[in-house]
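Residue-level structural notes
Read off the chains here:
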Amino acid sequence: MPIIVNLDVMLARRKMRLSELADAVGITLPNLSILKTGKAKAIRFSTLEAICKHLDCQPGDILEYRDDTTEEPESKPRLAAASRRRRA
């Protein structure tokens, strides 16, 4: 998934538990947990706003875009090996 949720990072920086945030912003713990684990398909702006307000952060601190087309570091050795086989 190209959108990465870094809610756990922000919670750690604020030394806050997920249940504390859920209570503070009025979101159920299961729904907030789905968001934290990156399994959510969407987030309302009002929810994002409440989370950012309580954590004193920006939406970009919580949500990150990663391009799926970029190579993962793990795939580079396999590509290099394939390239060597072609040259031989």
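Residues numbered from 1 in each chain as written. Predicted model: local features only at pLDDT ≥ 70, side-chain atom pairs only at ≥ 80, totals over all residues. Heavy atoms only, no water.

**Describing the nonpolar core**
Of all hydrophobic cores here, the largest spans 18 residues; its most connected members are Leu7, Leu11, Leu21, Leu32, Ile51, Leu55 and Ile62. Among the secondary structure elements, those contributing two or more residues to this core are helix H1 (7-13), helix H2 (18-25), helix H3 (29-36) and helix H4 (45-55). Apart from the residues lying within four places of it in its own chain, the contact partners of isoleucine 62 are Ile4, Val5, Asn6, Leu7, Met10, Leu48, Ile51, Cys52 and Cys57. (Core = buried A, V, L, I, M, F, W, Y, C linked by side-chain atoms within 4.5 Å. Buried < 20%, exposed > 50% of the residue type's maximum accessible area, 1.4 Å probe, protein only. Helix = DSSP H or I, 4+ residues; strand = E, 2+ residues; numbered from the N terminus. Contact = heavy atoms within 4.5 Å.)

**Looking at the pattern of salt bridges**
Scanning the entire structure with this criterion turns up one salt bridge. Ionic pairing is found between arginine 66 and glutamate 64, a salt bridge with its closest N-O pair at 3.0 Å. With a relative accessible area of 44%, arginine 66 lands in the partly exposed category. By relative accessible area, glutamate 64 is classed as partly exposed at 28%. (Salt bridge = Lys/Arg side-chain N within 4 Å of Asp/Glu carboxyl O.)

**Regarding the side chain of asparagine 6**
Structurally, the position occupied by asparagine 6 is in the loop between strand S1 (3-5) and H1. In contact with asparagine 6, not counting residues within four places along its chain, are Asp61, Ile62 and Glu64.

**Looking at the environment of methionine 10**
Inspection of the secondary structure assignment puts methionine 10 in helix H1. As a C-alpha pair, methionine 10 and aspartate 61 span 51 residues in sequence and 7.3 Å in three-dimensional space. Once you skip the residues sitting within four places of it in the chain, methionine 10 turns out to touch Leu55, Cys57, Asp61 and Ile62.

**What to know about the packing of H2 against H3**
Relative to each other, H2 and H3 sit at 120 degrees, their axes nearing to 9 Å. Put simply, H2 runs oblique to H3. In this structure, H2 meets H3 at a crossing whose hand is right-handed. Each of Leu18, Ser19, Leu21 and Ala22 in H2 lies in contact with H3, whose residues at this interface are Leu29, Leu32, Ser33 and Lys36. Here the contact of H2 with H3 is built from residues that sort into five nonpolar, two polar and one charged. (Axes fitted to C-alpha atoms, helices over the stretch in contact; angles between N-to-C directions. Parallel < 35°, antiparallel > 145°, perpendicular 65-115°, else oblique. Left-handed = near helix turned anticlockwise from the far one by under 90°. Nonpolar A, V, L, I, M, F, W, Y, C, P; charged D, E, K, R; others polar.)

**Let's talk about unusual backbone geometry**
Here lysine 15, not a glycine, exhibits a phi torsion of approximately 50 degrees, which is positive. By the element assignment, lysine 15 lies in the loop between H1 and H2. The class for lysine 15 is exposed, based on a relative accessible area of 75%. Of note, the phi angle at aspartate 56 is positive, near 55 degrees, even though the residue is not glycine. Along the polypeptide, aspartate 56 turns up in the loop between H4 and helix H5 (59-62). Assessed through its relative accessible area of 64%, aspartate 56 is described here as exposed.

None of this, on its own, says anything about what the molecule does.
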